Amino acid sequence: MSVLSDRDIAVALAAGRVRVEPYDAADLQPSSIDLHLDRSFRVFRNNRYPFIDVRSPQPDLTELLSVKDDEPFVLHPGEFVLGQTIEWVELPDDLVARLEGKSSLGRLGLLIHSTAGYVDPGWKGKLTLELSNVANLPIALFFGMKIGQISFFEMSSPVDRPYGSAGLGSKYQNQAEPTASAFFQDFHGKAK
């Protein structure tokens, strides 16, 4: 498995093998593309359920909020919310990707994912971010700010069943907003 260089990423984008929209060539880094924060956030409402039951749908567990162009979304210490990238990302069946935070934001205590940094071959959609503030002060987040970077890895061969294929249980294909967990579907055999 090898990491695509800036040159290889540009070729993959130009050929349509990888799709990142919107895309600005200024966001191309030596081995990644910078991604930006969208305006929608999914906030947990801890007053609606006594606990998170991973086996049951809990549709009111989170609430979708949006900020205006220059309005900050303030993430308090210890708080966890879901956000998303502005960019829509699509991968072919022979590339995987890694989503990582910007080091400058990490140095302020902002984590952009806890476990969802891996992007499967065949993925299509906006990337949901698992935003956590591990600092001692609130962090103001703004629509359009650089939030992370995505790097691409070439696989030894194309996969037989890309993400979204029938029978895989791919729950988040084509997501266009910060998407709450659908883990409960694993207990009911209804994964999509």
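Quick caveat, the model's predicted, so the values are computed rather than measured.

**Q** Mind showing me how you'd approach the overall build of the protein here?
**A** The secondary structure content of the protein amounts to 3 helices and 13 strands. Relative to a compact globule of 192 residues, whose C-alpha radius of gyration would be 16 Å, the protein shows 17 Å and is just as compact. Reported as C-alpha extents along the three principal axes, the dimensions of the protein are approximately 50 × 40 × 25 Å. Sorting the 192 residues of the protein into buried and exposed places 41% on the buried side. Counting contacts in the protein only where the partners sit at least 6 residues apart, residues at least 24 apart contribute 74% of the total. Separation of charge centres in the protein, based on 19 positive and 25 negative side chains, amounts to 4 Å.

**Q** Teacher, can you tell me more about the layout of surface pockets here?
**A** Space left empty within the atom packing is revealed by a probe, the size of a water molecule, rolled over the atoms. Empty space within the largest pocket amounts to approximately 900 Å³. Of all the secondary structure elements, the ones that give two or more residues to the lining of the largest pocket are strand S7 (80-90), strand S10 (118-119) and strand S11 (124-133). Counting residues per element, the lining of the largest pocket draws most heavily on S11, which supplies 3 residues. Residues of the lining of the largest pocket, tallied by class, amount to 20 nonpolar, 8 polar and 3 charged.

**Q** Could you clarify how one ought to interpret the packing of aromatic side chains in this entry?
**A** For any pair of aromatic rings, the description rests on two quantities: the centre-to-centre distance and the angle between the ring planes. One pass over the structure, following the stated rule, counts 4 aromatic pairs. Just above the ring of Phe 143 sits the side chain of Arg 39; from NZ or CZ to the centre is 3.8 Å.

**Q** Whenever I open this one, unusual backbone geometry confuses me. Can you help?
**A** Trans is the prevailing form of peptide bonds, just as negative phi is the prevailing case for residues other than glycine. Cis rather than trans, the peptide bond between Glu 21 and Pro 22 has omega equal to 0°. In this structure, Pro 22 sits in the loop between strand S2 (19-21) and strand S3 (33-36). Notably, Asn 174 is not glycine yet its phi reads approximately 70°, a positive angle. Along the chain, Asn 174 falls in the loop between strand S13 (146-154) and helix H3 (185-188). With a relative accessible area of 46%, Asn 174 lands in the partly exposed category.

**Q** Sorry, what's going on with the pattern of salt bridges here?
**A** Across all of its chains, the model carries 13 salt bridges by this definition. Close ionic contact of Lys 102 with Asp 34 constitutes a salt bridge, the shortest N to O distance being 2.8 Å. Residue Lys 102 is located in the loop between strand S8 (95-101) and helix H2 (103-106), and its partner Asp 34 is located in strand S3; the two are separated by 68 residues in the primary sequence. Pair check on accessibility: Lys 102 and Asp 34 agree, each one buried. Lys 146 is the salt-bridge partner of Asp 34, the closest N and O atoms lying 3.3 Å from each other. Here Lys 146 lies in strand S13 and Asp 34 lies in strand S3, a separation of 112 residues in the sequence. Exposure remark for Asp 34: the relative accessible area of 1% places this residue in the buried category. Here the salt bridges share partners, and the residues they tie into one network are Arg 19, Glu 21 and Glu 90.

**Q** Is there a simple way to explain the pairing of strand S4 (residues 40-44) in this structure?
**A** The side chains of a regular strand alternate, residue by residue, between the two faces of the sheet. Counting buried residues along S4, 4 of its 5 residues qualify, which places the element largely inside the surrounding structure. Strand direction decides the pairing type here: S4 and strand S5 (residues 62-66), joined by 5 bridges, are antiparallel. The residue of S5 that forms the bridge with Phe 44 is Thr 62.

**Q** Would you explain the pairing of S8 in this entry?
**A** Pairing analysis gives 7 bridges linking S8 to S13, with the strands arranged antiparallel. Each residue of the ladder has a partner; that of Leu 95, found in S13, is Glu 154. Note: S8 against S10, 2 bridges, orientation antiparallel. Note on S10: the bridge partner recorded for Arg 98 is Tyr 118.

Procedures and definitions
- Residues numbered from 1 in each chain as written.
- Predicted model: local features only at pLDDT ≥ 70, side-chain atom pairs only at ≥ 80, totals over all residues.
- Heavy atoms only, no water.
- Helix = DSSP H or I, 4+ residues; strand = E, 2+ residues; numbered from the N terminus.
- Rg over C-alpha atoms; globule rule 2.2 N^0.38 Å.
- Buried < 20%, exposed > 50% of the residue type's maximum accessible area, 1.4 Å probe, protein only.
- Contact = heavy atoms within 4.5 Å.
- Lys, Arg positive; Asp, Glu negative; His and termini not counted.
- Charge placed at Lys NZ, Arg CZ, Asp CG, Glu CD.
- 1 Å grid on protein atoms, 1.4 Å probe; cavity = no way out; pocket = protein on both sides within 12 Å on 5 of 7 lines; lining within 4 Å.
- Points joined across faces, edges and corners; volume = space filled by probe spheres on them.
- Nonpolar A, V, L, I, M, F, W, Y, C, P; charged D, E, K, R; others polar.
- Phe/Tyr/Trp six-rings, centres within 6.5 Å; stacked < 30°, edge-to-face > 60°.
- Lys NZ or Arg CZ within 6 Å of the ring centre and 35° of its normal.
- Salt bridge = Lys/Arg side-chain N within 4 Å of Asp/Glu carboxyl O.
- Pairing = 2+ DSSP bridges.

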